[in-house]
Number of protein chains: 2
Amino acid sequence: MSQESSAEATERLHALRTSIDNIDAALVFILAERFKITQKVGAFKATAGLPAADPNREERQISRLRNLASDAGLDPDFTEKFLRFIIDEVIRHHYKAGAPSSL
Amino acid sequence: MSQESSAEATERLHALRTSIDNIDAALVFILAERFKITQKVGAFKATAGLPAADPNREERQISRLRNLASDAGLDPDFTEKFLRFIIDEVIRHHYKAGAPSSL
């Protein structure tokens with residue numbers, strides 16, 4: 001940074017943040033699609049009387065995503081927490097849709 | 001579902017889950033790119049002596065993403081929690097990279 005002026009540095013930070021904002025918009029829109037699909041799964045589970053949570057399925061998802069995260073250079077532990085965060089929200093939706101608790 | 005056989009129902013659930021798995025892979029790869037960019041922001045902040053957290057920037061991000069979420073049919077409150085979850089991880093990385101605390 002020694003050769004970089006303050007204006008150049010500010011410009012560089014701004015450019016990075018613009019990319020972050022683009023990525024965040026993409027995340028929001030793709031998450032919206034994910035919840036549309038899990039809404040269908042929730043309706044299916046409610047009709048079929050299947051429990052909202054499916055620990056075996058979740059275990060497979062976590063294992064697969066941890067591997068993908070390693071390939072992508074993303075922290076697998078963070079990725080697992082991330083998936084858990086999403087799934088917890090999905091399960092809340094499933095309960096609302098009328099799926100029985102697995103307990 | 002009354003006209004649907006059990007095999008058809010299982011097939012339908014499988015198809016939905018395949019789409020969820022594709023979306024999750026996309027999320028992992030796009031998150032990996034997001035952290036690559038925030039890593040550059042972290043290095044910048046450490047060099048420039050800027051604090052790891054930037055509450056004004058975060059407030060603008062949350063407000064923008066809540067609006068995008070509404071457009072996309074995604075729960076704005078969940079979206080805010082989601083962004084906070086990501087930002088908390090980013091701030092942890094920034095501290096590791098040597099950015100000073102804003103406290």
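See the structure printed just above.
Starting afresh in each chain, residues are numbered from 1 along the sequence in its written order. Going through the entries in the order they are written, you letter the chains from A and number the ligands from 1. Only residues with pLDDT of at least 70 are given local features in this predicted model, and only at 80 or more are side-chain atom pairs given and counted; all residues enter the totals for whole chains, interfaces and linings. Heavy atoms throughout the structure, all of them, feed into the side-chain values; hydrogens and water do not.

## As for the pattern of salt bridges
Whenever Lys or Arg places a side-chain nitrogen within 4 Å of a carboxyl oxygen from Asp or Glu, that contact is recorded as a salt bridge. Scanning the entire structure with this criterion turns up 20 salt bridges over all chains. Between Arg57(A) and Asp21(B) there is a salt bridge; the shortest N-O distance is 3.2 Å. With Arg57(A) in helix α2 (residues 55–72) and Asp21(B) in helix α1 (residues 6–48), the pair connects residues from two separate chains. In this pair, the class of Arg57(A) matches that of Asp21(B), namely buried. Segments assigned H or I by DSSP are reported as helices when at least four residues long, segments assigned E as strands when at least two residues long, and all are numbered from the N terminus. Only protein chains enter the accessibility calculation, which uses a 1.4 Å probe; a residue whose area is less than 20% of its type maximum is buried, one above 50% is exposed, and one in between is partly exposed.

## Here's the deal with helix α3 (residues 76–97) of chain B
For α3(B), which comprises 22 residues, the first-to-last C-alpha distance of 31 Å matches the rise-based estimate of 32 Å (1.5 Å per residue) to within 8%. Should any heavy atoms of two residues lie within 4.5 Å, those residues are considered in contact. Where α3(B) is buried, its residues contact α1 (6–48) and α3 (76–97) of chain A together with α1 and α2 (55–72) of chain B. Whenever a nitrogen or oxygen atom comes within 3.5 Å of another N or O atom, the pair is scored as a polar contact, on the condition that within protein one atom can donate a hydrogen and the other can accept it, and that pairs from neighbouring residues in sequence are kept only if both atoms are in side chains. Between the side-chain oxygen at the start of α3(B) and the backbone nitrogen of Asp77(B) there is a gap of 3.0 Å, and the oxygen is on Asp75(B). Trailing α3(B) by a residue or two, Gly98(B) shows a phi angle of about 105°, which is positive. By this rule, a helix spans an expected 1.5 Å times one less than how many residues it contains.

## A few points about the relation of the copies chain B and chain A
When the copies are overlaid, the least-squares fit takes in C-alpha atoms only where the residue has pLDDT of at least 70 in both copies. Note on the identical chains: chain B maps onto chain A by a rotation of 180° and an axial translation of 0.0 Å, with an RMSD of 0.0 Å. Taken together, the rotation and translation describe the operation of a two-fold axis. Within chain B, Leu27(B) has its C-alpha nearest the rotation axis, a separation of 3.4 Å. When the interface residues of chain B are mapped onto chain A, 100% of them are again interface residues, pointing to one common binding face.

## Regarding α2(B)
The first and last C-alpha atoms of α2(B) sit 25 Å apart over 18 residues, in line with the 26 Å expected at 1.5 Å per residue. The set of residues buried in α2(B) consists of Arg57(B), Glu58(B), Gln61(B), Ile62(B), Leu65(B), Leu68(B), Ala69(B) and Ala72(B). All buried residues of α2(B) project into a common sector of 135° when viewed along the axis, lining one side. In α2(B), the exposed positions that point more than 90 degrees away from the buried face belong to Asn56(B), Glu59(B), Arg60(B) and Asp71(B). For α2(B), the elements touching its buried residues are α1 of chain A together with α1 and α3 of chain B. Just downstream of α2(B), Gly73(B) is the residue with a positive phi angle, here 80°. Within this analysis, the arc is defined by the directions that extend from the helix axis to the C-beta atoms.

## Some details on the interface of chain B and chain A
Contact residues are listed per partner, giving 48 residues for chain B and 49 residues for chain A. Roughly 4,900 Å² is buried in total at the junction of chain B and chain A, and carbon and sulfur atoms are behind 78% of that figure. Once two parts are joined, some of their accessible surface, as seen by a 1.4 Å probe, is lost; buried area is that loss totalled over both. The largest contributions to the chain B side of the interface with chain A come from Arg17(B), Phe44(B) and Phe85(B), which together make up 13% of the buried area. Summed over the shared surface of chain B and chain A, the number is eight salt bridges. For Asp24(A), the salt bridge is made with Arg34(B), and the minimal N-O distance between the two is 2.6 Å. Along the contact surface separating chain B from chain A lie eight residue pairs in polar contact (both at pLDDT 80 or more). Looking at the side of chain B that touches chain A, the elements with two or more residues in it are α1, α2 and α3 of chain B. With 28 residues, the single largest contributor to the side of chain B that touches chain A is α1(B). Split by residue class, the side of chain B that touches chain A holds 28 nonpolar, five polar and 15 charged. The nonpolar class holds Ala, Val, Leu, Ile, Met, Phe, Trp, Tyr, Cys and Pro. Asp, Glu, Lys and Arg form the charged class, and all remaining residues, Gly among them, are polar.

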